Every structure is written in C-alpha cells, then in structure tokens.
Amino acid sequence: MAAPTQGNLDREKQSLLSQHKEHHFTAGEIVRDIIIGVSDGLTVPFALAAGLSGANATSSIVLTAGVAEVAAGAISMGLGGYLAAKSEADHYARELKREEEEIIAVPDTEAAEVAEILAEYGIEPHEYGPVVNALRKKPQAWLDFMMKFELGLEKPNPRRALQSALTIAIAYILGGLVPLIPYMFIPRAQDAVVASVIVTLVALLIFGYAKGYFTGNKPFRSALQTALIGAIASAAAFGMAKAIHA
C-alpha cells in the first residue's frame, strides 16, 4: 500500500476543515459597547425623568431636560469609549515595540521564554525544540507569538476607537429616548411617569434578556437583574425629589 503523499495530506486536511464549521460568537467588543450604551441610556434618563416628575415638573420640562441629558450623556459615553479603545491601542503599540527590541537584543532569552510557554502546555523539550527553532527563523511570527502567548495581547482593530465611540453613543441615544417617549404625548408629568415606568421596565427586561443571551448568562436572571437596577435607580430619584420638594 503506497504511503500518503504531502499533497494528499494537505487535500485531506482542507476537506476536513471545510466540513467542520465552528460557530463562535466573535462580536464581543461590539456587544460590550452596545450593553454599556443601552444600559446607561435606559437607566440615567429614566431616573432623571422620574426625579423631575417627583418634583412636579411639567412634561415639557422633563422632556427638555431628558433630551439634553441624552445628548450630553451620548457625547460623554462615546468619548469615554474612544479614549478607552485608544489607550488599549497605544498600550499594544508600546508593548509591541518593546518585545521587538527584546527579540533583537536578547534572542536566546526570548527563545527560552517561548520554550517555557510551550512547556506550560505539557509539551516536552524534544517536541517544542523544533517549534522554537522555526519561530527564530521567522521574526514576525515570533513577535506575534510573544504578544499573544506571553503578554496575552491581541492586535486591536485600527478602527476600534471610532467604532467604539459611535456604537456606545448611538446605543445610549436609543436607550435614553425610551423613558422619554411618554412625555412626548402625555402633558401631565405625573401621568407620563407611570407610562414611562411601564415602558422602560419592559425595555429593561427585553434588554436584560438579550444581554444574558449574548453573553452566555442566564437570560431570565439577567432580565430581572437589569430591570431591578433600573427600578431602584428611578425609585430613588423619584423619592429624593419628592422629599426635597416637600
């Protein structure tokens, strides 16, 4: 029986890879930004509207203040997301430069670190030796290996900062407008706040369920926790406004 050739092995490998499709959730950063934006957007304007309603403000005043808060909050949250992503990219660039210099200055030490990393996975010296030698011949692959497995850093998307800012800001606006919708149609704030509570709690339940589903947590538990946090925030703001106004 003839031994399999390298070409046959490659074709077999490609066939196996094409048959096996992995379904992993890879939009974690975007989902995280949406969660940050929507959760704050639903909660903060909701608490503000409830507090102003408790102070007997008119619906027009609540709506004006709410829209102003949503605009300011979206800018602030978006800027925060931009700065966080930019700081992450700057940190990666600094560590990349430092690691590149170390590979050039102390290659034996860096090679020993590669061996140590592989040994942590239970690979024996006679097994990881060829891998270390192969990486030493490919500086870019060596550098990528050290960044990922020694420092635990993934190369950030160059558009990540702007993408994060826009995602958080838009999510905040969409979430922030939900508790303000009743004030657009109900002139009396004391009546509008009841509708706002119902609409926002439903939105919080839906958002909490979706958040739990996409993050791998229990959806119903996440929905109840999210709604509870929003309810506590609005109740505290309403109660404090009532107490001060009285």
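Keep in mind that this is a model prediction, so the values were computed, not measured. Along each chain, residue indices are assigned from 1 in the same order as the chain's sequence is written. Where local features are concerned, this predicted model is filtered to residues with pLDDT of at least 70; where side-chain atom pairs are given and counted, the filter is 80 or more; whole-chain, interface and lining totals use all residues. As a rule here, side-chain values cover all heavy atoms of the structure and leave hydrogens and water aside.

Moving on, we come to the pattern of salt bridges. Note that side chains of opposite charge can pair when their charged atoms are close. By definition here, a salt bridge exists when the distance from a side-chain nitrogen of Lys or Arg to a carboxyl oxygen of Asp or Glu is within 4 Å. Across all of its chains, the model carries five salt bridges by this definition. The partner of D90 in a salt bridge is K86, with the nearest N and O atoms 3.3 Å apart. Taken together, the residues D90 and K86, both in helix α3 (residues 59-105) and four residues apart, mark about one turn of the helix. One salt bridge connects D108 with R136, and the closest N-O pair in it is separated by 3.0 Å. Separated by 28 residues along the polypeptide, D108 in helix α4 (residues 107-119) and R136 in helix α5 (residues 125-136) bring together distant segments of the chain. Only DSSP runs of H or I reaching four residues or more are called helices, and only runs of E reaching two or more are called strands; each is numbered from the N terminus.

Attention now goes to the environment of G230. The residue G230 is located in helix α10 (residues 219-245) in this model. A relative accessible area of 0% places G230 in the buried class. Considered as a pair, G230 and L42 are 188 residues apart in the sequence and their alpha carbons are 7.6 Å apart. By definition in these notes, contact holds between two residues if any of their heavy atoms fall within 4.5 Å. When sequence neighbours within four positions are dropped, the list of residues in contact with G230 reads T43, F46 and L204. Relative accessibility thresholds used throughout: buried, under 20% of the residue-type maximum; exposed, over 50%; partly exposed, between the two (1.4 Å probe, protein chains only).

A word on the packing of α3 against helix α7 (residues 160-177). With their axes 7 Å apart at the nearest point, α3 and α7 run at an angle of 155 degrees to one another. With respect to α7, the axis of α3 lies roughly antiparallel. For the crossing formed where α3 meets α7, the hand is right-handed. Side by side, α3 and α7 meet where E69, V70, G73, A74, M77, G78, G81, Y82, A85 and K86 of the first sit next to R160, A161, L162, S164, A165, I168, A169, Y172, I173 and G176 of the second. Here the residues of the contact of α3 with α7 sort into twelve nonpolar, five polar and three charged. Geometry is summarised by axes, namely lines fitted to C-alpha atoms with helices restricted to the contacting stretch, and by angles between N-to-C directions that run from 0 to 180 degrees. For this classification, under 35 degrees means roughly parallel, over 145 means roughly antiparallel, 65 to 115 means roughly perpendicular, and everything else is oblique. When the near helix sits turned anticlockwise from the far one by under a right angle, the crossing is termed left-handed; a clockwise turn instead gives a right-handed crossing. Each residue gets one label: Ala, Val, Leu, Ile, Met, Phe, Trp, Tyr, Cys and Pro are nonpolar, Asp, Glu, Lys and Arg are charged, and the others, such as Gly, are polar.

Let us now look at α7. When the terminal C-alpha atoms of α7 are compared, their 26 Å separation across 18 residues agrees well with the 26 Å that a helix rising 1.5 Å per residue should span. Taken residue by residue, α7 has R160, A161, S164, A165, T167, I168, A169, A171, Y172, G175 and G176 as its buried positions. For a helix, the expected span equals 1.5 Å multiplied by the number of residues minus one.

Turning to the UniProt feature "transmembrane region" (unreviewed entry) in the protein chain, a few remarks are in order. UniProt's feature table lists "transmembrane region" (unreviewed entry) at residues 165-186, 192-210 and 222-244, given in the numbering used throughout. For residues 165-186, the end-to-end C-alpha separation is 33 Å, with 82% helix and 0% strand making up the annotated structure. Between the C-alpha atoms that bound residues 192-210 there is a distance of 27 Å. The span itself is 100% helix and 0% strand. UniProt positions are given in the numbering used here, feature names are shortened, and annotations may be inferred rather than shown by experiment.

With that out of the way, let us pick up the side chain of D33. Assignment of secondary structure puts D33 in helix α2 (residues 28-54). Setting aside its immediate chain neighbours within four residues, D33 contacts R160, S164, T167 and I168.

Moving on to the layout of surface pockets. Cavities and pockets were defined on a 1 Å grid built over protein atoms only: a cavity is a set of grid points that admits a 1.4 Å probe from which the probe cannot escape, a pocket is an open set flanked by protein on both sides within 12 Å along at least five of seven lines, and lining residues are those with an atom within 4 Å of any such point. Grid points are joined across faces, edges and corners, and a volume is the space filled by probe spheres set on the points. Computed from the structure, the largest pocket encloses a volume of approximately 170 Å³. A85, K86, A89, Y92, L96, D144, K155, P156, N157, P158, R160 and A161 together form the lining of the largest pocket. The dominant element in the lining of the largest pocket, judged by the number of residues it contributes, is α3, at five residues. Within the lining of the largest pocket, the residues separate by chemical class into seven nonpolar, one polar and four charged.

Mapped onto the fold, A235 is located in helix α10. You can call A235 partly exposed: its relative accessible area is 49%. Once the C-alpha coordinates of A235 and A50 are considered, the two residues, 185 residues apart in sequence, prove to be 7.5 Å apart.

Moving on, we come to the nonpolar core. The tendency in soluble globular proteins is for nonpolar side chains to be buried as a group. We define the nonpolar core as a collection of buried residues of types Ala, Val, Leu, Ile, Met, Phe, Trp, Tyr and Cys that are connected through side-chain atoms lying within 4.5 Å of one another. If you look at the biggest cluster of nonpolar residues, it comprises 16 residues, and the most contacted ones within it are V114, L118, V132, W142 and F145. Of all the secondary structure elements, the ones that give two or more residues to this core are α3, α4, α5 and α6 (139-150). Non-local contacts of V114, meaning those with residues more than four positions away in its chain, are made with V132, L135, W142, F145 and M146.

Here α5 is twelve residues long and its end C-alpha atoms lie 16 Å apart, about the 16 Å a rise of 1.5 Å per residue gives. Taken together, the buried positions of α5 are Y128, V132 and L135. Down the axis of α5, the smallest arc covering the buried residues is 60 degrees, so these residues share one side. Exposed side chains of α5 directed beyond 90 degrees from the buried face belong to H126 and P130. The inward-facing, buried residues of α5 abut α4 and α6. Relevant arc is that of directions from the helix axis to the C-beta atoms, nothing else.

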